[in-house]
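Report on the structure
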Amino acid sequence: MTPPPDLLDQALHARTDPPLRPLPPQVVDLLRSLEAPPRLAAHLRAVHDVALQLVEWLERRHPELAVNREAVLFGAATHDIGKALHLDELSGPGSAHEEAGRELLSARGFGPDLARFAGTHASWTASDVTLEDLLVSTADKVWKNKRVAELEDLLVVRLTRASGRQPWEEFLALDDLLGRMGEGAEHRLAYQGAFPVHA
């Protein structure tokens with residue numbers, strides 16, 4: 001009898017067209033240790049890839065900006081980790097996964113500077129929000145071609161401050177980037193949907 005396919009492993013490593021870059025190794029290890037739902041792994045991989053595109057664009061366009069690349073990529077790769085504990089939120093609405101994710105990451109030894117993204121990815125208007133938080137939140141929307149004007153405006157303000165350019169210049173550049181990234185949403189959604197909530 002053939003053993004059943006390892007759907008989590010497929011979600012983490014399957015080749016895609018267009019390609020999705022792999023998750024950071026410590027996140028792969030974490031997802032395996034949690035026996036995470038394959039759909040969650042696929043979702044985190046898609047959002048991580050979009051976050052990586054955002055960071056690469058920022059590094060080219062705004063070399064003057066001090067962006068913590070590793071924090072953004074870790075945040076994108078773990079922002080919904082709490083859904084491993086709240087499976088119903090993988091296929092429906094809910095916010096219980098946010099604080100649960102932060103607590104899970106803290107319990108696994110990740111510091112508050114990294115664990116915070118599990119709790120901040122849906123609250124971009126908080127007074128202490130960082131550029132890294134905004135990037136993770138943006139990636140979590142754009143992966144499925146969802147545009148949130150309020151979130152994007154906050155990002156434009158940060159970019160304008162850093163560059164000294166006019167706000168309309170930063171808006172147009174960001175809008176162009178997010179529009180192009182949104183074109184891959186159909187493939188990312190199909191990739192995520194190919195994996196079940198339950199292994």
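Anyway, here's the lowdown on the structure attached to this text. Please read all numbers here as calculations on a predicted model, not as lab measurements.

Section: the overall build of the protein chain
Counting its secondary structure elements, the protein chain contains 11 helices and zero strands. A compact globule built from 199 residues would reach a C-alpha radius of gyration of about 16 Å, and the protein chain, at 17 Å, matches this within 12%. Summarising its shape, the C-alpha atoms of the protein chain cover approximately 65 × 35 × 30 Å along the three principal directions. The contacts in the protein chain between residues at least 6 apart in sequence include a share of 68% that link residues at least 24 apart.

Concerning the environment of V156
With respect to the helices and strands, the residue V156 is situated in helix α9 (residues 149-163). A relative accessible area of 8% places V156 in the buried class. Linking V156 and A173, residues 17 residues apart in sequence, is a C-alpha distance of 9.5 Å. Setting aside anything within four residues of it in sequence, one finds V156 in contact with P167, E170, F171 and L174.

Here's the deal with the side chain of D133
Note that D133 resides in helix α8 (residues 131-142). Under the relative-accessibility criterion, D133 is labelled buried at 3%. For D133, the side chain forms a polar contact with the side chain of T120, separated by 2.9 Å. With residues near it in sequence (within four places) discarded, D133 still touches R116, F117, T120 and D128.

A short note on the packing of helix α4 (residues 69-78) against α8
The N-to-C vectors of α4 and α8 enclose an angle of 40°; their axes lie 9 Å apart at closest approach. For the element pair α4 / α8, the angle class is oblique. α8 is crossed by α4, and the crossing has right-handed handedness. Between α4 and α8, the residues in contact are V72, G75 and A76 and E132, L135 and V136, respectively.

A few points about a nonpolar patch on the surface
A cluster of nonpolar residues, W168, F171 and L172, forms a patch on the protein surface that exposes about 340 Å² of accessible area. Tracing the backbone shows F171 in helix α10 (residues 167-182).

Examining the packing of helix α3 (residues 38-61) against α4
Two measures define how a pair of helices packs: the angle their axes make with one another and the distance between the axes. For the pair α3 and α4, the least separation of the axes is 7 Å and the interaxial angle reads 160°. As far as their axial angle goes, α4 and α3 are roughly antiparallel. Seen from above, α3 lies across α4 with right-handed handedness. For the pair α3 and α4, contact is made by L44, V47, H48, A51, L52, V55, E56 and E59 and by R69, V72, L73, A76, A77 and T78, respectively. For the contact of α3 with α4, a count of residues per class yields nine nonpolar, two polar and three charged.

Rules used throughout
- Sequence order as written defines residue numbering, which begins from 1 separately in each chain.
- Local features are withheld for residues below a pLDDT of 70 in this predicted model, meaning they are given only at 70 or higher, and side-chain atom pairs are given and counted only at 80 or more; totals for whole chains, interfaces and linings count all residues.
- Side-chain numbers come from the whole structure's heavy atoms, not from hydrogens or water.
- Going along the chain from the N terminus, every DSSP run of H or I of four or more residues is numbered as a helix, and every run of E of two or more is numbered as a strand.
- We compute the radius of gyration over the C-alpha atoms and compare it with the globule rule, which gives 2.2 Å times the number of residues raised to the power 0.38.
- Only heavy atoms matter for contacts: two residues are in contact if any of them lie within 4.5 Å across the pair.
- Remark: exposure states derive from per-residue accessible area (1.4 Å probe, protein chains only) relative to the maximum for the residue type, with buried under 20%, exposed over 50%, and partly exposed in between.
- The definition of a polar contact used here is a pair of N or O atoms within 3.5 Å, where within protein one atom must be able to donate a hydrogen and the other to accept one, and adjacent residues in sequence count solely through side-chain atom pairs.
- Only the stretch in contact is used when a helix axis is fitted, and all axes are lines through C-alpha atoms; the angle between N-to-C directions ranges over 0 to 180 degrees.
- By definition in this entry, angles of less than 35 degrees are roughly parallel, angles greater than 145 are roughly antiparallel, angles of 65 to 115 are roughly perpendicular, and the rest are oblique.
- Note on convention: near helix rotated counterclockwise from far helix by under a right angle means a left-handed crossing. Clockwise means right-handed.
- Only residues above 30% relative accessible area that lack a salt bridge enter a patch, with like-charged residues linked at up to 9 Å and the nonpolar side chains Val, Leu, Ile, Met, Phe, Trp and Tyr linked at up to 5 Å.
- In this description, accessible areas are obtained by the Shrake-Rupley approach with a 1.4 Å probe, and a residue is regarded as covered only by the protein chains that are shown.
- Throughout this description, the term salt bridge denotes a Lys or Arg side-chain nitrogen within 4 Å of a carboxyl oxygen of Asp or Glu.
- Only Asp, Glu, Lys and Arg are considered charged in this grouping, and only Ala, Val, Leu, Ile, Met, Phe, Trp, Tyr, Cys and Pro are considered nonpolar; every other residue, Gly among them, is considered polar.

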